[in-house]
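# Descriptive analysis of the structure
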Amino acid sequence: MKNRWESGDDTGAPIEQLIHQSRLVGAEDSLVLWGGGNNSIKREATDLLGNPIPVMDVKGSGSDMKSIVAEQFPAVRLDWVRPLMARDSMSDEEMVDYLARCLLDPKSPRPSIETLLHAFLPFTAILHTHADAILALTNNAGRETTVRDCYGDEVIIVPYLRPGFELSRLVGEACAAAPDARGLVLMNHGLITWGDTPRAAYDVHIELVSRAESHLAKGRSVTGATTRRDDIDPATLAPLIRGALSERQRVVLRFDDSEEAIRFSMRPDIRQIGDAGPATPDHLLHLGRYPLVLPLEGSSDPREAIANALAEHRERYGRYFAANAGPGQDALPGDPREVIVPGVGVWTAGKDARGSLIVRDIFRHTMAIVEAADEGGGYRTLDDREMFRGEYWPLELYKLTLLPPEKELARHVALVTGAARGIGKAIALRLAAEGAHVVLTDLDLEKSDAIAAEIRGRHGLGRAIAVEMDVTSRTSVADGFRRAALEFGGIDIVVSNAGIARVGRLEELTESDWNDSLAVNATGHFHVTREALSIMKSQGRGGSIVFNATKNVTSPGGGFGAYSVSKAAEAQLCRIAAIEAASFGVRANMVNPDAIFEDSQLWEEIGAGRAAAHGIPLEQLPDFYRNRNLLRQPVTAEDVAEAVLFLAGPRSGRTTGAMIPVDGGIREAFPR
Ligand code: ZN
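Here's what I pulled together on the structure shown here. Note that the structure is predicted; figures quoted are calculated from it, not measured.

The rules behind each value
- Residues numbered from 1 in each chain as written.
- Predicted model: local features only at pLDDT ≥ 70, side-chain atom pairs only at ≥ 80, totals over all residues.
- Heavy atoms only, no water.
- Helix = DSSP H or I, 4+ residues; strand = E, 2+ residues; numbered from the N terminus.
- Buried < 20%, exposed > 50% of the residue type's maximum accessible area, 1.4 Å probe, protein only.
- Contact = heavy atoms within 4.5 Å.
- Salt bridge = Lys/Arg side-chain N within 4 Å of Asp/Glu carboxyl O.
- Patch = residues over 30% accessible without salt bridge, like charges linked within 9 Å, V, L, I, M, F, W, Y side chains within 5 Å.
- Areas by Shrake-Rupley, 256 points an atom, 1.4 Å probe, with all protein chains shown as cover.
- Core = buried A, V, L, I, M, F, W, Y, C linked by side-chain atoms within 4.5 Å.

### So, the environment of Leu409
Take Leu409: it is sitting in the loop between α16 (394-401) and β12 (413-417). For Leu409, a relative accessible area of 0% gives the class buried. Taking the C-alpha atoms as reference points, Leu409 and Asp594, separated by 185 residues in sequence, lie 26 Å from one another. Sequence-distant contacts of Leu409, defined by excluding residues within four places in its chain, comprise Leu431, Glu434, Gly435, Ala436, Ile493, Leu645, Gly649 and Pro650.

Below, the structure written as structure tokens:
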């Protein structure tokens, strides 16, 4: 591993040096991942009365090293923390409460759960990571012997113990007993190094990790038990997997078909590795106890194979829980968060795209750890009892109860056509605001890309993608749905919105305007509906399709034949979809908007023609339409998006084949 500390930048204030160290550590994802690892520095400060006191700046719980700032290092009073070392025991809750009272600034973030471990060591600067190489060195059949072979007596070895007061005291005592040690290896957990400065602690850390890496570099190359399965289409398989995994609670998937993932999936010992589980409890909290291994033999029905594998997984998890749980303890869901399909790749699951990405990243590191541990005699992890204590750590379970309630469309995936502007854009933004992941499709990729980026910026990593789609093309639509299945695992909501408007009285209407209208407004919706139904049926978790129709469906207007006729076909398509798809829980409904002017392509196309038809100047058109409706209100794209949201989500769960006008109230257009 490369030492990234360049000479000369270790002269700033202690906290600056600590931040610099954090960033260098954070830049190396085989050292820390997604908020892992922690570091500290001890210094003098003054209390409120101006008296000198010893304090320690320590990384806040969960903050990310690669982007950390000074405010994310709470300062704790060492004169109040150090005496704890004389205690016999302290529960996690007691420890957390106690540390909250030791903060120099009560408004600081919560200090790391491993704060005592830093406080009980007599050194100025401390660095602790869960480096891949250390996990490989401590998760193998050779165990302590492998560690000794690598480091001799230069490091202290502390057997595995769940983080908390006891482990911290044990580490403090072990260091006091071995003053010449250069570092401390926590079995199945990580590495601690120290020094007079953050740089000194960092230098030793990189040196020791590098030695572990080269010690295990001769990792055996495990030959595959299966070959690559190019005959299996991951986009077809993904909705089956997502559907099965979503039985208790919907999940979002991420597919990893990197070379490493495929090679790993083909290992002959993949089942034993799955049984062994994650390399350290810190990873266990994200990866769960067991992955699901899903070999798909040539003749097997994938749906049945997944159902059987999941049933077996649940049974095994149930046995593990029963053997380790205390009286009255509640089981976590325990469903797999990784699905390994030999020869195809690895799917990871989360409550959202970010969650599935975190699992993917941590699992990638697990794969590297497993391969490196081969050299130490094979991958061996903690026993079931310690795994269980890690998984059911009360402090972590308590953290889950602090999470805000999920939004209405959380865990859902929505695809919106014509999403680059106007109504489609408003719908995409509205569904995203309610928690949905959104696939924005449009002919205009640049515009929809910008909206997807806006959604990601506002709602989080991976929450939206943009895909170029021409709804008149069967293959383009099929490709778009394929992308969605590969990106998120499937689809729950489809808003078929893309449309065009051509004006002209029948005797003047050109054949090409007529054909274009039918191609987009009728056949386009058919293409979208067919793909939507196919993927939703595969998933087996129901779904909702919402069509953006028009007020013209119930109240057609002269000079607007191609539009009204093609939109009538769309409306009838919606009803047929409602009839045919009800048997597998998919609903189909439509909204009938009228006169949405803002950012509307439709009005750009027909505005002048409609103004002429009504005998008024173009700029009076919005007022003309506003005065035509009963409420005498302008109708906006956001109003349409509200109706779509209602039809898309669970609140309209008993409504299918229906239309909702969003037109300010037009008597002639009342559905009947
Ligand atoms: Zn740790």
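### Here's the deal with the pattern of salt bridges
This structure, assessed with the given rule, holds 43 salt bridges. In this structure, Glu408 and Arg651 form a salt bridge, with 3.1 Å as the shortest nitrogen-oxygen distance. Of this pair, Glu408 sits in the loop between α16 and β12 while Arg651 is found in the loop between α24 (637-648) and β18 (659-662), placing the two residues 243 residues apart along the sequence. When its relative accessible area of 24% is taken as the criterion, Glu408 is described as partly exposed. Measuring nitrogen to oxygen at the nearest pair gives 2.8 Å for the salt bridge that ties Arg628 to Asp594. With Arg628 in helix α23 (residues 621-628) and Asp594 in the loop between β17 (586-593) and α22 (601-614), this pair connects stretches of sequence that are 34 residues apart. Overall, Arg628 belongs to the partly exposed group, its relative accessible area being 31%. Each member of the salt-bridge network shares a partner with another, and the members are Glu154, Arg182, Glu207 and Arg211.

### Some remarks on a nonpolar patch on the surface
On the surface, a cluster of nonpolar side chains totalling about 320 Å² of accessible area is made up of Leu630, Leu631 and Phe670. Structurally, Leu631 can be placed in the loop between α23 and α24. According to the relative accessible area criterion, Leu631 is exposed, its value standing at 59%.

### Details of the nonpolar core
By size, the foremost hydrophobic cluster in this structure holds 51 residues, and its most contacted members are Ile134, Val147, Tyr151 and Tyr379. Broken down by element, the residue count for this core peaks at nine residues, all from helix α14 (residues 353-373). Not counting residues within four places of it along the chain, the set of residues in contact with Ile134 comprises Tyr151, Val185, Gly190, Leu191, Val209 and Ala212.

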